[in-house]
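Spelled out from the first residue to the last, the chains are:
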Amino acid sequence: MTRAEDAVRTVRDLRARVAAWRDAGETVALVPTMGAIHAGHLSLVALAKAQADRVVASLFVNSLQFGPREDFHAYPRDEANDAAALTAGGSDLLYAPDASEMYPPGFSTKVSVNDLTEDLCGAARPNHFDGVATIVAKLLLQCAPDIAVFGEKDYQQLLVIKRLVRDLNIPVEIAGGAIVREDDGLALSSRNAYLSPEERKIAPVLYQNLCGVAGELEKGSSADDASTAARAKLEASGFRVDYVAVRNPDTLEVLQGQVKDARVLAAVHLGKTRLIDNVPVPLQAR
Ligand code: PAF
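All of these numbers come straight from a predicted model, not from anything done at the bench. (Residues numbered from 1 in each chain as written. Predicted model: local features only at pLDDT ≥ 70, side-chain atom pairs only at ≥ 80, totals over all residues. Heavy atoms only, no water.)

Student: I tried to follow the pairing of strand β8 (residues 273-281) on my own but got confused; where do I start?
Tutor: Side-chain positions along a regular strand alternate between the two faces of the sheet. Of all nine residues in β8, nine are buried; the element is thus mostly enclosed. By the alternation rule, side chains of β8 split into Thr 273, Leu 275, Asp 277, Val 279 and Val 281 and Arg 274, Ile 276, Asn 278 and Pro 280, which are all buried. The pairing of strand β7 (residues 262-270) with β8 spans nine bridges and is classified as antiparallel. Pairing of Arg 263 across the sheet is with Pro 280, part of β8. Between β7 and β8, which pair antiparallel one after the other, the connecting turn spans two residues, and Gly 271 there sits at a positive phi close to 60 degrees. (Buried < 20%, exposed > 50% of the residue type's maximum accessible area, 1.4 Å probe, protein only. Helix = DSSP H or I, 4+ residues; strand = E, 2+ residues; numbered from the N terminus. Pairing = 2+ DSSP bridges.)

Below, the structure is given as structure tokens:
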């Protein structure tokens, strides 16, 4: 069960529950979340459930990955609803530690993954990926799952976590779950709740433009031309654009000229809301 009152709050209790499953010969998957659970998270729980006997969902709004002017305090928090949704989605255990359990006084260790984190979201959000890498390393060491599942919407994050696990020899398989979208194409995100009704109408234009870039690349346009055109269209639609980028899907290296295998990634602002999204090249049918 993952009712809020049944959540485990300490590393010790989490390890005891996982150990009992292991003693019974069961495998364990972890789905890390910051709460504000939506169908995208539940698709990750379903993926986890398909690959392991037991699923732990963690819920922790990680202060370390927010910048000083970002939305840490405003981030939606509703543990009872999240627990109910995760239970219905098939999670066996909710791990919801307090900040004092995660970051006790004197906490002074930082995990940094260089190379993959300098640009794209790393450029606009300095320290963000250190915060992500630090909390994910902690969660993996605390839970010691066989598999951990992360969404492809945070594509750069997914690659950072794969690199972290490889570099530190953490014995876990990292799986990526496909982006879940609204009918109009908008990628599900906890931050979509910040959009005004007017902004919500405009928001799907982001995905349409990414598909447009992928389509142009498939027709032979250069990466530069396709991304520059998409940036202009997004700006004309009212977005403030952080980046539209065509990258190597494994290393995030910049790709130029004609490309056949790539990831198109973008981050934009719509009013006060920052949205990210990405699509593969070649495009896959939804
Ligand atoms: O993707 C998220 O929700 C967070 O970055 C994660 C992986 C749970 C770490 O706080």
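What follows picks up the thread again.
Student: Looking at this structure, I do not really get the layout of surface pockets. What am I missing?
Tutor: The probe, sized like a water molecule, is rolled over the atoms to show the empty space still left. In this structure, the second largest pocket occupies an estimated 280 Å³ of space. Forming the boundary of the second largest pocket are 14 residues, of which Ala 178, Ile 179, Arg 181, Pro 280 and Gln 284 lie nearest the centre. By residue number, the principal contributor to the lining of the second largest pocket is β8, which donates three residues. The residue makeup of the lining of the second largest pocket, split by class, is eight nonpolar, two polar and four charged. (1 Å grid on protein atoms, 1.4 Å probe; cavity = no way out; pocket = protein on both sides within 12 Å on 5 of 7 lines; lining within 4 Å. Points joined across faces, edges and corners; volume = space filled by probe spheres on them. Nonpolar A, V, L, I, M, F, W, Y, C, P; charged D, E, K, R; others polar.)

Student: Got a minute to help me understand the site of the ligand in this structure?
Tutor: With respect to spatial proximity, the complete set of residues near the ligand consists of Pro 32, Thr 33, Met 34, Asn 62, Gln 65, Ile 135, Phe 150 and Gln 157. Here an oxygen atom of the ligand sits 2.7 Å away from a polar atom, N or O, in the side chain of Gln 65. Contact distances for the ligand include 2.7 Å between an oxygen atom and a side-chain N or O atom of Gln 157. Here the ligand has 290 Å² of accessible area as a free molecule, and 88% of this is covered by the chains. Here the shell around the ligand is composed, by residue class, of four nonpolar, four polar and no charged. (Near = heavy atom within 4 Å. Polar contact = N/O pair within 3.5 Å; in protein donor to acceptor, adjacent residues only side chain to side chain. Areas by Shrake-Rupley, 256 points an atom, 1.4 Å probe, with all protein chains shown as cover.)

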